[in-house]
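The primary structure of each chain is shown beneath.
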Amino acid sequence: MISANDDGTLRWAAWQLGAPPSQSVRLTFYDATHAPARPLWSTGWPDAYNPLVQATSWTHAGRPVLALTMQFGAAAQQVDLYGLDAASHPVRMAEMLGAAVGWVVHPDRTVLIVYQTPVSALVPHCFDWQDRTGQLAEVKCPAQ
Amino acid sequence: MADDLPRTGIASTYSDSFQPDPSKPGLRTATGEHYSHLGFTAAIMPHARWYVVPMGTLLRLKSNGRCVVVKLNDRGGGNGTMARVLDLSHAAYAHLAGVPVSTVSDRSAGLLTLDDIETTPAGTPLGPVSTT
């Protein structure tokens, strides 16, 4: 669960439903101003599992970009990026699928790593968020 | 979206990192099983091909005159092409490549051409199939 605004009244939550091999992932955006919380928007992915929502240091229209990662297989992990538009409606801004997904977080910079497998070994491809264009841009991977 | 399982294609094997410690279970596959380098399993790819056959389907694969039966129990991210059809467990890859499983690693693994890919009935034993 992640807050989408400063006072924590708008929140994201993701969870897994069911058990293998019939699992799925749901992502919901809801208003927690009053109990019970009021769902405002929801989406889902059949067959996905191990969801993780995390706030990033990236912003879209001045608000934090949410990253949802989930798996479709041992070597199939997807990351979806969400923001909010001016009316606080969720907007999916990017989706990437790789063998695995990771992050490098420095105080001044966050980099998304999507690992591909041209053969067997994992090969990292790194991306930074460009708020001006509203897109991910591939960048040189930082030394780790 | 792909409609059918192709009869031929390219395969490789899982990265070492999906079961870094052979004495411990590997990452969980799409069917909930833990990946094992020593099992006879496969992941289908890319995303457009994930649903052409159900999870649990047994596949009979031929390459280099060798044959192996594997269980499809996973989905893979692929390498951005439709040519790559499967990632095989180390054991299945080793048999088709004609090398000991202990020698299969990220440093040694390559791409295999699968000369034949076909489904085989449930209950078919997994593992190497004699071609003599």
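Before reading on, note that the structure itself is shown above.
The rules behind the values
Residues numbered from 1 in each chain as written. Chains lettered and ligands numbered in written order. Predicted model: local features only at pLDDT ≥ 70, side-chain atom pairs only at ≥ 80, totals over all residues. Heavy atoms only, no water. Helix = DSSP H or I, 4+ residues; strand = E, 2+ residues; numbered from the N terminus. Rg over C-alpha atoms; globule rule 2.2 N^0.38 Å. Buried < 20%, exposed > 50% of the residue type's maximum accessible area, 1.4 Å probe, protein only. Contact = heavy atoms within 4.5 Å. Areas by Shrake-Rupley, 256 points an atom, 1.4 Å probe, with all protein chains shown as cover. Lys, Arg positive; Asp, Glu negative; His and termini not counted. Charge placed at Lys NZ, Arg CZ, Asp CG, Glu CD. Core = buried A, V, L, I, M, F, W, Y, C linked by side-chain atoms within 4.5 Å.

Participant: Tell me about the overall build of chain B, and please be specific about residues and values.
Facilitator: When its secondary structure is counted, chain B shows 1 helix and 8 strands. In sequence order, chain B lays out its α and β elements as β-β-β-β-β-α-β-β-β. Computed over its C-alpha atoms, the radius of gyration of chain B comes to 13 Å, within 12% of the 14 Å expected for a compact globule of 132 residues. Dimensions of chain B, computed from the C-alpha atoms along their principal axes, are close to 40 × 35 × 30 Å. Among the 132 residues that make up chain B, the fraction classed as buried is 50%. The contacts in chain B between residues at least 6 apart in sequence include a share of 77% that link residues at least 24 apart. Surface accessibility of chain B: about 5,900 Å² in total, with carbon and sulfur atoms responsible for 56%. Here chain B holds 11 positive side-chain charges and 11 negative ones, and the gap between their average locations is 2 Å.

Participant: Would you mind going over the nonpolar core in detail, with residue names and values included?
Facilitator: Formed by 41 residues in total, the largest nonpolar core has its most connected members in A:Trp12, A:Leu27, A:Trp45, B:Ile44, B:Leu61, B:Leu86 and B:Leu88. Counting 12 residues, the second largest nonpolar core, distinct from the first, contains A:Trp58, A:Val79, A:Met93 and A:Val114.

Participant: How would you sum up the environment of A:Pro20? Please name residues and give values.
Facilitator: With respect to the element layout, A:Pro20 can be found in the loop between strand S2 (10-17) and strand S3 (24-31). A:Pro20 gets classed as partly exposed once you look at its relative accessible area, which sits at 32%. Between the alpha carbons of A:Pro20 and A:Val91 there is a distance of 29 Å; along the sequence they are 71 residues apart. The residues contacting A:Pro20, other than those within four sequence positions of it, are B:Arg28, B:Ala30, B:Thr31 and B:Gly32.

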